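# Observations on the model geometry
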Amino acid sequence: MEKLHPIIFLKALFDSYDFSPWYQCIRYKKQVLFSAKPFLKTADVMIIKDIPDYLSLEQSTNKAYTWLKVKTLKGHSIQVEQYQTLEEYLLENFSAKSRSNLRRYTKRLETCFNIRYVCYWGSIPKDEYDVLFKALKKLLIKRFAQKKEVNYELQHLDNFEAEIYAQLQNKEAALYVIYHHQEPISIRINMIKKNLCFYMMSAYDIDYAKFHLGSIDMMKNIAWCIQQNMLKYDLLKGYDYYKKNWMTQSFDYYNHIIYNHKNTKARLYANYLKLKTKLLYLGYYNLKKINADLYYKSLKQGWYTLSAQTNKENKLVLIDALPFEPSSGVEIKLMQGEKYKHLKKNIFDFLFSSQQSLDEIKLYKAKETLDHFQVIGKKTSYAFIVKTRKQ
């Protein structure tokens, strides 16, 4: 048998792949996402992975081929066509306390910072697009270092950057960005197919974590989908513990193994692949029942800590300190340059707690005491010392 090259279904769909040898038509309800064209001879065995079961796939009329279907993982989606507004969606899916918290996080973010929300869909200057992808890479590296996980999306980011610009121009992709002044602090990539929206990847600046920036980003994207009359917002697979909080529907993914039943080797190989895939996911779900996936995640995080370069650096510890007279210190600008970026999270946490705007505070560094800082605000002030500790 020739070497098998599986097709990832959604990527192929976004890339306008020709499914003609295997499918006559692909639909979501009445919307046609693909219709077949005349085709030439194809491989005797083919695997198409990660097909969501909410799509209707009509098999090709080519009677030489047989389809084997294997259930794999769960996915999660939001049926946004059911809602006229974000408030309606929140009311139906979140408790009063959760809704109050989400409103509080958003208001607090907008109180403390000069925030603006921008969705690029249909056009964006190329230089601005390039800047956003550089920022996205930095945010991903920073976020996954905090999580002590290897981010497998990073290795594909250059390919994404090369492909998505044209798709964005054609309204087949969208970039949703949350800015603090001119700095992107949250970036999300969505792919669009007709009236279906698919969440591909996102990252936010962990210095703003106190504000639950990830939740605000999700809310804003759901609201955007509703405003654009999308039918469904597919959150895809993975991170079930988080996506279950937002989803309105779960669905199953399937792998389709398609083979030429006139070829004995192809038939045997296809059935072997079906059995292998079934056993793989049977093992996966059995391990999840005993929380083996959590133990595995802990092991990976431990290995990351041992092998990561950041492990060799000193860790910053911030200690509350006595205030000093501003006249005995030097005013510094937190958002200008990189010198004091290590102070951002601590000061942003202070802003969240004190409900003050970054534009209304002043930050001082003591002249005579090493790493002694003080924030002077209209409502309250805060002094602290930065120490380093061996990890």
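Heads up: these notes are all about the structure in this document. (Residues numbered from 1 in each chain as written. Predicted model: local features only at pLDDT ≥ 70, side-chain atom pairs only at ≥ 80, totals over all residues. Heavy atoms only, no water.)

## Quick notes on helix α2 (residues 86-93)
Think of an α-helix as turning once every 3.6 residues; residues three or four places apart then point the same way. We count it as follows: Relative accessible area decides the class of each residue, using a 1.4 Å probe on protein chains only: under 20% of the type maximum gives buried, over 50% gives exposed, and in between gives partly exposed. Each helix is a run of DSSP H or I of at least 4 residues and each strand a run of E of at least 2, with the numbering of both proceeding from the N terminus. Throughout, the arc means that of the directions going from the helix axis to the C-beta atoms. What makes two residues a contact is simply this: any of their non-hydrogen atoms within 4.5 Å.
Taken as a whole, α2 has its buried residues at L86, Y89 and L90. Down the axis of α2, the sector holding all buried residues measures 95°, keeping them to one side. Every exposed residue of α2 that faces more than 90 degrees away from the buried side is listed here: E87, L91 and E92. Those residues of α2 that are buried lie in contact with β6 (65-78), α3 (96-112) and α6 (213-227).

## Some words on the sheet that holds strand β11 (residues 232-236)
Selection criterion: We treat two strands as partners when DSSP finds at least two bridges between them.
The sheet built from 9 strands is open, its strands ordered β1-β4-β12-β6-β11-β10-β9-β8-β7 with mixed pairing. Each edge of the open sheet carries a strand with a single partner, namely β1 (7-8) and β7 (115-120). One ladder, built from 6 bridges, connects β7 with strand β8 (residues 173-180); its direction is antiparallel. Note on β8: the bridge partner recorded for C119 is Y176.

## A short note on the packing of α3 against α6
When two helices pack together, their arrangement is given by the angle between the helix axes and the distance between those axes. The test is simple: Lines fitted to C-alpha atoms define the axes, with helix axes restricted to the stretch in contact, and inter-axis angles between N-to-C directions lie between 0 and 180 degrees. Geometric relationships in this document are graded by angle, where less than 35 degrees denotes roughly parallel, more than 145 denotes roughly antiparallel, 65 to 115 denotes roughly perpendicular, and other angles denote oblique. Ten residue types, Ala, Val, Leu, Ile, Met, Phe, Trp, Tyr, Cys and Pro, are classed as nonpolar, four, Asp, Glu, Lys and Arg, as charged, and the remainder, Gly among them, as polar.
Running from N to C, α3 and α6 cross one another at 105°; their axes reach a closest spacing of 10 Å. Considering the angle they form, α3 stands roughly perpendicular to α6. On α6, the residues touching L102, Y105, T106, L109 and E110 of α3 are L213, S215, I216, M219 and K220. In terms of residue class, the contact of α3 with α6 is built from 6 nonpolar, 2 polar and 2 charged.

## With respect to unusual backbone geometry
With a phi angle near 55°, S16 is a residue other than glycine that sits in the positive phi range. Along the chain, the position of S16 falls in the loop between α1 (9-14) and β2 (23-28).

## Examining the pairing of strand β15 (residues 362-366)
Every other side chain in a regular strand lies on the same face of the sheet, so the side chains alternate between the two faces. In terms of strand pairing, strand β14 (residues 329-332) meets β15 through 4 bridges, oriented antiparallel. Note on β15: the bridge partner recorded for E331 is Y364. Relative to strand β16 (residues 372-376), β15 runs antiparallel, the two being bridged by 4 bridges. The residue bridging L363 from the neighbouring strand is V375, located in β16. Once β15 ends, the chain turns through 5 residues before running back antiparallel as β16, passing D371 with a positive phi of about 55°.

## Let's talk about the nonpolar core
How we decide: As used here, the term nonpolar core means buried Ala, Val, Leu, Ile, Met, Phe, Trp, Tyr and Cys residues forming a set that is joined through side-chain atoms within 4.5 Å.
Counting 54 residues, the largest nonpolar core has Y89, F113, I222, Y233, W246 and L343 as its most contacted members. Of all the elements, α6 adds the most residues to this core, at 9 residues. Membership of the second largest hydrophobic core comes to 53 residues, among which are W67, A173, M191 and L236.

## Comments concerning the side chain of S60
The condition that has to hold: A 3.5 Å cut-off defines polar contacts: any pair of N or O atoms within that distance qualifies, except that in protein one atom must be a possible hydrogen donor and the other a possible acceptor, and neighbouring residues in sequence count only when both atoms are side-chain atoms.
Position of S60 relative to the elements: it lies in the loop between β5 (56-59) and β6. Here S60 falls in the buried class, since its relative accessible area comes to 9%. At 3.0 Å, the side chain of S60 forms a polar contact with the backbone nitrogen of N62.

## Some thoughts on the side chain of R108
What counts is decided by this rule: Counted charges follow a simple rule, with Lys and Arg positive, Asp and Glu negative, and His plus the chain ends left uncounted. Take a side-chain nitrogen of Lys or Arg and a carboxyl oxygen of Asp or Glu: if they are within 4 Å of each other, that pair is a salt bridge.
Position of R108 relative to the elements: it lies in helix α3. Comment: no salt bridge for buried R108; closest opposite-charge side chain is D349, at 10 Å. Here F352 takes part through its backbone oxygen, which lies 2.5 Å from a polar atom of the side chain of R108. Setting aside residues no more than four positions away along its own chain, R108 makes contact with F211, F352 and Q355.

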